[in-house]
Amino acid sequence: MRLNWEAQLGLLVRIRRSTLNGAAVTFWRLRRYPFALVYRRFLFHQSASVIHLFHTLSGLSLAIFNFGSQVYHSALCIIVQFLFLRLMGRTVTGVLSSFIFQMAYLLTGYYYTATDEYDIKWTMPHCVLTLKLIGLSLDYYDGGKDPSQLSAEQKQGALSSTPSLLEVCGFSYFYGGFLVGPQFTLRNYQSLVSREMSDCPGQVPNSAIPALKRFSLGLVFLAIFAVCGPYYPDSYYLTDEFEAQPFWYRCVFILLWAKVNLYKYVSCWLITEGVCILTGLGYNGRSKTGEPQWDACANMRVWMFETTPLFTGTINSFNINTNAWVARHIFKRLKFLGNKMVSQMATLLFLAIWHGLHSGYILCFTMEFIIVNVERQAQALVKDSPTLTAITNGPFYPLIYVVQQFIHWLFMGYPLVPFCLFTYDKWLKVYSSVYFCGHLLFFSAVLILPYLRKALVPRKAKSDKKEN
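- For the protein, an unreviewed UniProt entry supplies the name Lysophospholipid acyltransferase 5 and the organism Pygocentrus nattereri.
- As stated in UniProt under Subcellular location (unreviewed entry), the record for the protein gives "Endoplasmic reticulum membrane".

Next up, the structure:
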């Protein structure tokens, strides 16, 4: 069924708007490279106050250029957070006050600004800032504990002294992470300012080539998205033409749409990572062979993202620093609940709410929870079953890999549908058009896997696993 000219025009406008939004975000990321070069050339050896001021003013200038007077939202939250640190100290009350205020401010912003499309508004960088400021309060709280009570991760981020307002502003507005991340601690930022984040401590890091590599790789993914993205727009899901396509076509479209549209995020994170590497913030010590590593701010493991046939593999290779922040500050701090699955559910609920108020976010992370747990059960089944282990390690593995990749990307795209379409009426229409195949598959797997385990896993393996 062909679209009439009005529908075609509307579709073209939505595609154009989506492409321009992506271009605008990428353009902002490119503008940060000159700031990094100025910092390396003229400010690297300046005092901490000068560097904090430069990072504050440069980040503010980018924010004002894009959001105008709405920059006051970030400034207000930063000042309030600083007051929490000063007035409430290293207390649970200070942490809870920070968490409640920052999340409430973000969600209020979502409530008053969100539409049913992808918006580039002040809330876009503010969601990143929210995590940064909440993390700051937790790191400050950890700094007042006995080191023996802290995990290795908490020791790395714990703050032994109270930061100044200028330091908090420089940390918050640092142009390498203000819009979409990556997340990093104030301790890391302090190491950058004190010239420790370098393969030659005290000297400008030899990071131009590593930064150029990530920048170039980001441009490759950006080019793929720019060329292929218009062929897989979100808006096509809502057309009569999509609904008229055969079932297999709709499933393949979801697969290709997910792959192409995720490149928008991949390109942004890679380009941003290049900025962090250029300044030195990406320095991550030396490898066992003595080579400098520049992946401290990596938000993507590109090879893993492209080759893994596992849902957990894609999740672990995508938006790494945000996932690490949530694991460190939410999941692991919920250990007192005494139930790993409950902690996981609470963490995913936090992520859903942090992204926005649309029902699509809740559904996306609910499906992610179900898919990941089904995959883990299936992996355990294959590992414990001699028959399945022999099949997966046999000569048919290449064919199994291809089938697994098809299923993997089809059902990676499946929960992304509500994530990108946001509202109930839109994602319900798409799921109805594919007969809720993802829900049927994974809910059926939850019921069937225990019976398959009984049939395929020898009793000895079962009893050994219980003993372990």
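### With respect to the packing of aromatic side chains
Part 1 of the reasoning: Counted according to the given criterion, the structure contains 44 aromatic pairs.
Part 2 of the reasoning: With 5.6 Å between their ring centres and 90° between their planes, phenylalanine 171 and phenylalanine 184 make a pair best called edge-to-face. Remark: phenylalanine 184 occurs in the loop between helix H7 (165-173) and helix H8 (186-193) and phenylalanine 171 occurs in helix H7; sequence separation between them is 13 residues.
Part 3 of the reasoning: By relative accessible area, which is 1% here, phenylalanine 171 ends up buried.
Part 4 of the reasoning: Take phenylalanine 184: its relative accessible area is 7%, and that puts it in the buried class.
Part 5 of the reasoning: Between tryptophan 248 and tyrosine 249 the ring centres are 5.9 Å apart and the planes differ by 75°, which places this aromatic pair in the edge-to-face class.
Part 6 of the reasoning: The ring of phenylalanine 171 carries the charged tip of lysine 132 above its face, separated from the ring centre by 5.4 Å.

### Comments concerning the confidence of the model for the protein
Note that predicted coordinates carrying low pLDDT should not be read in detail.
Part 1 of the reasoning: Overall, the predicted model of the protein reaches an average pLDDT of 89, with 91% of residues at or above 70.
Part 2 of the reasoning: pLDDT under 50 marks residues 1-24. Its contacts with residues more than four places away, or in other chains, come to 21 contacts.

### Some points on unusual backbone geometry
Part 1 of the reasoning: Of note in this structure, phenylalanine 422 is not a glycine but carries a positive phi near 75°.
Part 2 of the reasoning: Locating phenylalanine 422 in the fold gives a position in the loop between helix H18 (397-421) and helix H19 (424-433).
Part 3 of the reasoning: Within the chain, phenylalanine 436 stands out as a residue other than glycine whose phi angle is a positive 50°.
Part 4 of the reasoning: Along the chain, the position of phenylalanine 436 falls in the loop between H19 and helix H20 (437-456).

### Here's the deal with the side chain of lysine 259
Part 1 of the reasoning: Inspection of the secondary structure puts lysine 259 in helix H11 (residues 247-279).
Part 2 of the reasoning: Overall, the relative accessible area of 15% leaves lysine 259 in the buried class.
Part 3 of the reasoning: Those residues within four positions of lysine 259 in sequence are excluded, and the remaining contacts are Phe305, Glu306 and Trp409.

### Some details on helix H9 (residues 208-228)
Part 1 of the reasoning: In this model H9 runs 30 Å from its N-terminal to its C-terminal C-alpha over 21 residues, within 8% of the 30 Å that 1.5 Å per residue would give.
Part 2 of the reasoning: Of the residues making up H9, those classed as buried are Ala211, Arg214, Gly218, Phe221, Leu222 and Phe225. Within H9, the buried residues cover an arc of 105° as seen down the axis, which keeps them to one side. Along H9, exposed side chains directed more than 90 degrees from the buried face belong to Ile209, Lys213 and Val227.

Cut-offs and rules
- Residues numbered from 1 in each chain as written.
- Predicted model: local features only at pLDDT ≥ 70, side-chain atom pairs only at ≥ 80, totals over all residues.
- Heavy atoms only, no water.
- UniProt positions renumbered as here; feature names shortened; annotations may be inferred.
- Phe/Tyr/Trp six-rings, centres within 6.5 Å; stacked < 30°, edge-to-face > 60°.
- Helix = DSSP H or I, 4+ residues; strand = E, 2+ residues; numbered from the N terminus.
- Buried < 20%, exposed > 50% of the residue type's maximum accessible area, 1.4 Å probe, protein only.
- Lys NZ or Arg CZ within 6 Å of the ring centre and 35° of its normal.
- pLDDT = per-residue confidence, 0-100.
- Contact = heavy atoms within 4.5 Å.
- Expected span 1.5 Å × (residues − 1).
- Arc of directions from axis to C-beta.

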